[in-house]
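Here's the letter readout for the chains.
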Amino acid sequence: MIIVLNYAATTEQIDRILLKISRSGLEPFYLEQYGKKIITVIGNSKACNSDDYQSLPGVESVVLITTPFKLASREFKQSKSIIKVRDVEFGGTVKPVIAGPCAIEGYEQFRKAAMAVKEAGAVMLRGGAYKPRTSPYSFQGLEEEGLSILLAVSRELNMPTVSEVTDPRNIEVVSRHVDMLQIGARNMQNFVLLKEVAKTNQPVLLKRGASATIEEWLMAAEYIMAGGNPNVVLCERGIRTFETYTRNTLDLSAVPLVQHLSHLPVIVDPSHGTGSWRLVSPMARAAIGAGADGLIIEVHTCPEEAVSDGPQSLTPHNFSKLMKDIAAISTVITDN
Ligand code: PEP
Ligand code: MN
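Quick look at the structure, then. (Residues numbered from 1 in each chain as written. Chains lettered and ligands numbered in written order. Predicted model: local features only at pLDDT ≥ 70, side-chain atom pairs only at ≥ 80, totals over all residues. Heavy atoms only, no water.)

Description of the packing of aromatic side chains
Two numbers describe a pair of aromatic rings. These are the distance of the centres and the angle of the planes. Here the structure, examined in full by the defined rule, presents 2 aromatic pairs. Centroid distance Tyr34 to Phe76: 6.3 Å. Interplanar angle 50 degrees. Geometry classified as tilted. Note that Tyr34 is positioned in the loop between strand 2 (27-33) and strand 3 (36-42) and Phe76 in the loop between strand 4 (59-63) and strand 5 (83-85), a separation of 42 residues in sequence. Judged by its relative accessible area of 29%, Tyr34 falls in the partly exposed class. On the basis of an interplanar angle of 25 degrees and a centroid distance of 4.5 Å, the ring pair of Phe191 and Tyr223 is categorised as stacked. One end of the pair, Phe191, is in helix 6 (residues 191-198); the other, Tyr223, is in helix 7 (residues 214-226), with 32 residues separating them in the sequence. (Phe/Tyr/Trp six-rings, centres within 6.5 Å; stacked < 30°, edge-to-face > 60°. Helix = DSSP H or I, 4+ residues; strand = E, 2+ residues; numbered from the N terminus. Buried < 20%, exposed > 50% of the residue type's maximum accessible area, 1.4 Å probe, protein only.)

Quick notes on the coordination of the manganese ion (ligand 2)
At 2.0 to 2.4 Å from the manganese ion (ligand 2) lie its protein donor atoms, namely Cys102 (SG), His272 (NE2), Glu298 (OE) and Asp309 (OD). Residue classification places His272 among the buried positions, given a relative accessible area of 9%. Taking the relative accessible area as the measure of exposure, Asp309 reaches 17% and is therefore buried. (Donors = N, O, S within 2.8 Å, 3.2 Å for Na, K, Ca; no water.)

Quick look at the sheet that holds strand 3
Backbone-to-backbone hydrogen bonds pair the strands of a sheet. The strands run either parallel or antiparallel. One open sheet holds the 4 strands; their spatial order is 2-3-1-4, and the pairing between them is antiparallel. The sheet is open, and its two borders are formed by strand 2 and strand 4, each paired with just one other strand. Within the sheet, the average angular offset between the axes of one strand and its neighbour, ignoring direction, is 20 degrees. Pairing analysis gives 4 bridges linking strand 1 (residues 2-5) to strand 3, with the strands arranged antiparallel. Bridging from a neighbouring strand, Leu5 pairs with Lys37 of strand 3. (Pairing = 2+ DSSP bridges. Axes fitted to C-alpha atoms, helices over the stretch in contact; angles between N-to-C directions.)

Details of helix 10 (residues 277-289)
Between its first and last C-alpha, helix 10 extends 19 Å over 13 residues, near the 18 Å set by a 1.5 Å rise per residue. Within the span of helix 10, buried status applies to Val280, Ser281, Ala284, Ala287 and Ile288. With its phi angle positive at about 100 degrees, Gly291 sits one or two positions after the end of helix 10. (Expected span 1.5 Å × (residues − 1).)

Description of the environment of Ser50
Secondary-structure assignment places Ser50 in helix 2 (residues 50-54). Accessibility expressed as a relative area gives 15% for Ser50, which makes it buried. Each C-alpha atom, one on Ser50 and one on Met1, is 7.8 Å from the other, the two residues being 49 residues apart in sequence. Setting aside anything within four residues of it in sequence, one finds Ser50 in contact with Met1, Val62 and Leu64. (Contact = heavy atoms within 4.5 Å.)

What to know about the site of ligand 1
Taken together, Arg126, Lys131, Glu164, Gln182, Gly184, Ala185, Arg186, Lys207, Arg237 and His272 form the complete shell of residues around ligand 1. One of the side-chain nitrogen or oxygen atoms of Gln182 is found 2.9 Å away from an oxygen atom of ligand 1. Between an oxygen atom of ligand 1 and a side-chain N or O atom of Arg237, the distance comes to 2.7 Å. Protein chains bury 97% of the 290 Å² of accessible surface belonging to ligand 1 in isolation. Here the residues of the shell around ligand 1 are counted per class, giving 1 nonpolar, 3 polar and 6 charged. (Near = heavy atom within 4 Å. Polar contact = N/O pair within 3.5 Å; in protein donor to acceptor, adjacent residues only side chain to side chain. Areas by Shrake-Rupley, 256 points an atom, 1.4 Å probe, with all protein chains shown as cover. Nonpolar A, V, L, I, M, F, W, Y, C, P; charged D, E, K, R; others polar.)

Description of the nonpolar core
Formed by 72 residues in total, the largest nonpolar core has its most connected members in Leu206, Trp217, Leu234, Leu295, Ile297 and Phe319. With 7 residues, the single largest contributor to this core is helix 7. The contact partners of Leu234, leaving out residues within four places of it in the chain, are Leu206, Trp217, Leu218, Ala221, Val258, Leu264, Pro265, Val266 and Ile267. Counting residues in each nonpolar core, the second largest holds 15 residues, with Ile3, Leu26, Ile39 and Tyr53 among its members. (Core = buried A, V, L, I, M, F, W, Y, C linked by side-chain atoms within 4.5 Å.)

As for the packing of helix 7 against helix 8 (residues 254-261)
The geometry of helix 7 relative to helix 8 is characterised by a closest axis approach of 11 Å and an angle of 50 degrees between their N-to-C directions. Judged by the angle between their axes, helix 7 and helix 8 are oblique. As for the relative orientation of helix 7 and helix 8, their crossing is right-handed in sense. For the pair helix 7 and helix 8, contact is made by Ile214, Trp217 and Leu218 and by Ala254, Leu257, Val258 and Leu261, respectively. (Parallel < 35°, antiparallel > 145°, perpendicular 65-115°, else oblique. Left-handed = near helix turned anticlockwise from the far one by under 90°.)

With respect to the pairing of strand 12 (residues 232-236)
For strand 12, the buried fraction is high: 5 of the 5 residues fall into the buried class. In strand 12, alternate side chains face the same way, and those of Val232, Leu234 and Glu236 on one face and Val233 and Cys235 on the other are all buried. Bridging between strand 11 (residues 204-207) and strand 12 involves 4 bridges; their strand directions are parallel. Bridge pairing in strand 12 places Leu206 opposite Leu234. Once you follow strand 11 into helix 7 and on to strand 12, the crossover reads as right-handed. (Right-handed = clockwise from strand over helix to strand, strands pointing away.)

Here it is in structure tokens:
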């Protein structure tokens, strides 16, 4: 249950409502979000009688929510959320494409890739500076030096950026250099990290964990929202199945399903979703067909020399062809 309070609700009225909830054996969480004062009530729904709260002073409305994720649910917010990253909007009719290399390897490498993706129509840049690699012997990223390169190129090309944060201790430095924080698949249930990004007001790109159910993924979003940050964009990036010919199995059915369950925008990462550049464009086209709110795609000017994820990186030429297809497909999709 979510209780939406009048904006003019006094501290005394709020305290009285919080006390009533606690006394009935339920747990209240108070926060201010979407310009409203909100109390999320957690506990056995049979114990909540919404009528008991509806008429209390200070209460505007009471919404019963059947899913375990509350703030992220469509039951709570029927209109689709538009999440802004500078002037780029996720969740609107235009589908933004984020592109760039898996990792920032150096200034020239990153700048070349960035110029190519901008030319092709990408509106945001990606590039990892802190890389969560499966092997401790693989390239771990340029860290702060990588972030400085990202910032310099972002300023030069006037494009917003996203980069992964893997450790609560690095949130401050990453936030200073990028416009959107990425929580990677490996950290989707790193609750300490989620609670810390919740304290920032930076937009967050929350990737689905490789073995996370849709409910677990939405509960991860709920952590960020309940902590005070409503600016979450979800990213389907493939899940682990028995299949070995692909790196992951891209679950495109998750796109319309999550859009039905939640008001948050959902974008798709066909690069990590497949692991193979040959499959990236077909799956990117399919993602737009499925109604995705955008894409994030790895592009490298010389994939065979990439220090990470070369096999799944598109060349600028193939990326540019894909962008033309996406533009054409987008025009025939009427169901946004
Ligand atoms: C990435 O986008 O750089 C990345 C590591 O992706 P994921 O967390 O989805 O594996
Ligand atoms: Mn990668």
